[in-house]
There are 2 protein chains.
Amino acid sequence: MTRTRVNSALIRRINTGRLFHIIRQNPGISQQRLSIQSGIDPATISIIITNLETTGIVRRTTDAPTGRAGRPTVALNIDARAGFLAGIGIEPDAIRVTLATIDGMACADVTVAGSTEPEAAALAAHEGVAAALRSVKAGRGALLGVGIALPGLVSLEGRVVFAPNLGWRDLDIAAMLARHLKCPIRLENDVKAAAIAEHLFGASRDITDFVYIMGRSGIGGGLYMMGEVYRGPHGLAGEIGHMKMVPGGRACGCGARGCLEAYVSERAILAELAAKGHQARDVAGILRGFEQGDAIVGAVLGEAGYYLGLGLANLINIVSPRRIVLGGSLARLAPCLLPAAMDSLHANALAAIMRDVELVVSVLGDDAAPMGGVALALHQFLDDPPIKLGRGRDHGAGPPE
Amino acid sequence: MTRTRVNSALIRRINTGRLFHIIRQNPGISQQRLSIQSGIDPATISIIITNLETTGIVRRTTDAPTGRAGRPTVALNIDARAGFLAGIGIEPDAIRVTLATIDGMACADVTVAGSTEPEAAALAAHEGVAAALRSVKAGRGALLGVGIALPGLVSLEGRVVFAPNLGWRDLDIAAMLARHLKCPIRLENDVKAAAIAEHLFGASRDITDFVYIMGRSGIGGGLYMMGEVYRGPHGLAGEIGHMKMVPGGRACGCGARGCLEAYVSERAILAELAAKGHQARDVAGILRGFEQGDAIVGAVLGEAGYYLGLGLANLINIVSPRRIVLGGSLARLAPCLLPAAMDSLHANALAAIMRDVELVVSVLGDDAAPMGGVALALHQFLDDPPIKLGRGRDHGAGPPE
């Protein structure tokens with residue numbers, strides 16, 4: 001049985017990560033408040049915060065005394081000077097790099113031309129990171145980690161299993177980039193990465209169970225379950241775009257027929273419009289047609305919305321998320337898709353399960369993939385911090401290891 | 001954010017549970033071997049085993065010296081005399097009680113008449129448990145816990161949300177039974193309970209990610225993910241029988257159309273056979289017709305198998321389990337359903353995800369629900385053991401609590 005061994009080092013890491021995120025989301029929080037919010041005792045917090053301060057990750061500032069007690073308040077902040085995390089969104093035609101401080105605040109954004117040739121793509125990604133680093137003030141901090149998000153199946157070990165749009169199969173793109181960049185690199189499917197970003201930086205911070213469904217050329221899914229993105233035993237879970245909606249239905253790029261993405265992806269909607277003689281070439285064109293009350297656009301979006309609602313009903317019945325988050329083209333097309341989608345959703349989800357589900361549109365927009373990369377880099381950074389966090393008498397000293 | 005607080009008490013409980021299950025599955029194991037297999041250090045194991053021995057859960061026996069070293073070997077066993085767990089499978093027409101020792105070995109089995117009247121059902125369940133206890137030797141041990149498995153939606157708090165076959169809605173059947181039985185009682189949806197039994201007592205002991213799909217009047221699902229059954233934020237996840245296979249297709253008991261269970265449940269297959277003029281009245285009749293080469297039976301099972309394969313492909317694409325386990329009527333009909341199901345499964349699951357998935361038939365058969373109840377009772381017993389497990393210097397003493 002593969003299980004994470006539960007020991008004091010793991011507790012220390014989990015507690016450190018929890019405190020990091022609470023401070024990140026509550027800049028200036030006091031240690032006392034941190035203890036209340038985390039449920040971790042003050043002595044343990046003190047030791048962890050000292051470690052985080054020693055490593056330059058957290059900064060304590062002392063405010064002037066307030067209130068009658070007259071004791072100065074110590075405010076905790078993630079130290080933005082600690083260094084940078086780079087998130088890389090790889091697409092066939094463009095590579096987008098977002099540079100962020102370790103609290104996840106974006107501070108630079110660079111887009112370079114992409115390539116389906118792996119070495120060229122790795123080199124371009126490196127150049128994008130270098131350009132982003134140059135654009136921020138020199139010497140302000142090192143690059144602490146890189147996360148790459150790309151459209152394709154990614155194994156638990158961080159290898160590309162299959163990325164049809166890029167034409168990559170069984171490829172270690174992270175290792176290629178590692179020849180240019182000397183820092184930890186983590187690779188993930190872009191929708192799973194976006195789901196992590198949605199949880200860390202988006203509107204779903206307090207939600208431990210949600211489904212992120214992203215439209216782009218296809219439809220991808222990220223199942224965020226029990227507080228983490230669900231990868232499945234091989235890292236490949238979440239291919240909700242290939243749920244079959246119509247037996248023997250429209251041909252899909254995967255080789256099968258009737259898949260959800262053959263009805264609701266940007267490409268599918270554009271193809272259906274073209275087949276009906278409409279001229280729209282992109283999401284903006286679809287939106288324009290919808291606003292102008294074009295009958296063809298209305299009919300095609302009504303059909304796409306119907307299938308979107310049916311697919312969401314299936315997900316709700318199976319996975320029972322607290323929330324469904326629409327991203328990418330589904331976010332931009334939401335105003336036109338949701339009327340029909342809500343109808344079929346309510347007609348097909350079990351009422352008892354549907355009752356408490358929220359349907360929301362991601363606020364990350366086109367930043368989802370590169371911010372997903374930043375989220376991966378932050379996870380990597382917290383999973384394996386640059387220095388060993390010390391062991392204290394009181395913070396989970398456990399069995400001999 | 002709702003998260004389990006990670007502290008030393010939790011570690012102690014997790015380690016105790018792990019050791020319990022390793023001993024249960026390896027009767028007579030030595031402490032040394034237990035340490036190797038669990039990865040827990042000998043000092044910690046020694047303390048936990050002493051606690052388990054003091055509470056009568058584990059028994060140490062000393063064998064005669066073997067080998068050159070001449071030291072006697074201490075063999076560990078779960079002490080079957082510690083007491084009993086009762087698993088109760090509730091159906092409208094029958095209530096089945098399986099009594100087991102705490103190692104999960106069934107020792108008595110009683111079926112009593114069921115009732116859709118809740119108080120009557122609770123009383124009948126109590127009488128079933130009493131009869132089962134009478135049938136084992138008196139005074140051999142107390143009833144330590146009860147698990148109830150029933151067909152319906154069960155909330156995280158253990159209330160029946162909706163059980164259509166029983167006609168129950170928002171009902172605390174466990175509290176009704178608790179008026180008759182003075183021990184902890186846990187309630188769960190029967191298919192989720194069966195999935196837990198499959199993991200504890202069935203063929204999927206070493207599998208942390210599998211989908212249990214059970215046919216009965218309807219089709220139910222249990223998603224076993226990351227080593228535990230996935231309940232979702234309200235406890236209602238796993239309703240895979242209501243995945244839509246055909247837009248606007250066959251009417252389903254849930255009120256929607258085209259659900260998987262409207263094509264592959266025992267009831268759906270029998271209804272389709274009846275509509276085509278065939279006389280089969282139960283699974284045995286279906287099997288008989290299939291063996292006799294009846295063309296109607298062949299066509300109906302071929303269609304059901306096709307939709308079963310399509311549904312499994314969706315589950316594989318979304319959840320990417322290591323294994324899919326067929327239970328209930330799907331297990332019994334597997335020989336007739338699988339040829340068509342495998343064809344549509346392979347045509348519709350993504351090859352990279354499908355590669356390592358196993359499709360197996362549950363060995364628990366009709367015992368799935370009552371053994372599911374035993375599994376719930378065992379989980380409850382280990383989550384909240386009858387005495388507090390002591391704290392030792394070396395086994396995960398953590399922060400002040």
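As a convention, each chain's residues are numbered from 1 in the sequence order in which they are written. A letter from A marks each chain and a number from 1 marks each ligand, given out in the order of writing. In keeping with the predicted nature of the model, local features appear solely for residues at pLDDT of at least 70, side-chain atom pairs appear and are counted solely at 80 or more, and the whole-chain, interface and lining totals rest on all residues. With hydrogens and water excluded, all non-hydrogen atoms of the structure serve as input to the side-chain values.

The name that an unreviewed UniProt entry assigns to chain A is Transcriptional regulator, MarR family, with the source organism given as Acidiphilium rubrum. Per its UniProt entry, chain A bears the Sequence similarities (unreviewed entry) comment "Belongs to the ROK (NagC/XylR) family." UniProt positions are given in the numbering used here, feature names are shortened, and annotations may be inferred rather than shown by experiment.

S.K.: What am I meant to see in the domain arrangement of chain A here?
M.R.: Residues and elements named next belong to chain A. Each domain's extent is set by a domain assignment, obtained either automatically or from a database. In terms of domains, chain A is made up of domain 1 (8-80), domain 2 (82-196 + 368-383) and domain 3 (205-363). Distance between the C-alpha centres of domain 1 and domain 2: 30 Å. Taken together, the 9 residues of domain 1 in the interface contact 9 residues of domain 2. Carbon and sulfur atoms supply 66% of the area buried between domain 1 and domain 2, which totals about 870 Å² over both sides. Of all residues in domain 1, Arg13, Phe20 and Ala80 bury the most surface against domain 2, accounting for 49% of the area lost on that side. Here, a salt bridge means any Lys or Arg side-chain nitrogen found within 4 Å of an Asp or Glu carboxyl oxygen. Counting across the interface, domain 1 meets domain 2 through 1 salt bridge. A salt bridge links Arg13 to Asp383, with the nearest nitrogen and oxygen atoms 3.5 Å apart. Identification of polar contacts relies on pairs of N or O atoms within 3.5 Å, with a donor-acceptor requirement for protein atoms, meaning one able to donate a hydrogen and the other able to accept it, and with residues adjacent in sequence counted only if both atoms are side-chain atoms. Our count for the domain 1 to domain 2 interface comes out at 3 residue pairs in polar contact (both at pLDDT 80 or more). We count a stretch as a helix when DSSP gives it H or I for four or more residues in a row; a strand needs E for two or more, and each element gets its number in order from the N terminus. Among the elements that line the side of domain 1 that touches domain 2, the one with the most residues is helix 1 (residues 8-25), at 4 residues. Under the grouping applied here, Gly and all other residues not named as nonpolar or charged are polar, the nonpolar ones being Ala, Val, Leu, Ile, Met, Phe, Trp, Tyr, Cys and Pro and the charged ones Asp, Glu, Lys and Arg. Looking at the side of domain 1 that touches domain 2 residue by residue, the class counts come to 4 nonpolar, 2 polar and 3 charged. Contact between two residues is taken to exist if any of their heavy atoms lie within 4.5 Å; hydrogens are not considered. The term buried area denotes the loss of accessible surface (1.4 Å probe radius) that occurs when two parts are joined, taken as the sum for both partners.

S.K.: Which parts of the structure should I look at to understand helix 9 (residues 283-291) of chain B?
M.R.: Residues separated by three or four positions in an α-helix point in the same direction, a consequence of the helix having 3.6 residues per turn. Residue and element names in this part refer to chain B. By the burial criterion, the buried members of helix 9 are Val283, Gly285, Ile286 and Gly289. What you see down the axis of helix 9 is that its buried residues fit within an arc of 160°, all on one side. Where helix 9 is buried, its residues meet helix 8 (266-275), helix 10 (295-319) and helix 11 (329-332). Phi turns positive, to about 75°, at Gly293, one or two residues after helix 9. Summary of the burial criterion: residues with accessible area below 20% of their type's maximum are buried, those above 50% are exposed, and those between are partly exposed, where the area comes from a 1.4 Å probe applied to protein chains only. The arc in question is traced by the directions running from the helix axis to the C-beta atoms.

S.K.: I tried to follow the packing of aromatic side chains on my own but got confused; where do I start?
M.R.: Each pair of aromatic rings is reported with the distance of its centres and the angle of its planes. Paired rings are identified among Phe, Tyr and Trp, the last through its six-membered ring, by centres lying within 6.5 Å, and are further divided according to the angle between planes into stacked (under 30 degrees), edge-to-face (over 60) and tilted (the rest). By the definition in use, this model includes 6 aromatic pairs over all chains. Between Tyr306 of chain A and Tyr307 of chain A the ring centres are 5.0 Å apart and the planes differ by 75°, which places this aromatic pair in the edge-to-face class. For Tyr307 of chain A, a relative accessible area of 10% translates into the label buried. Plain terms: the ring middles of Tyr263 of chain B and Tyr307 of chain B are 4.5 Å apart, the flat faces sit at 40° to each other, and that makes the pair tilted. On the criterion of sequence distance, the pair formed by Tyr263 of chain B in helix 7 (residues 261-264) and Tyr307 of chain B in helix 10 is long-range, its members being 44 residues apart. Just as Tyr263 of chain B is buried, Tyr307 of chain B falls in that class too.

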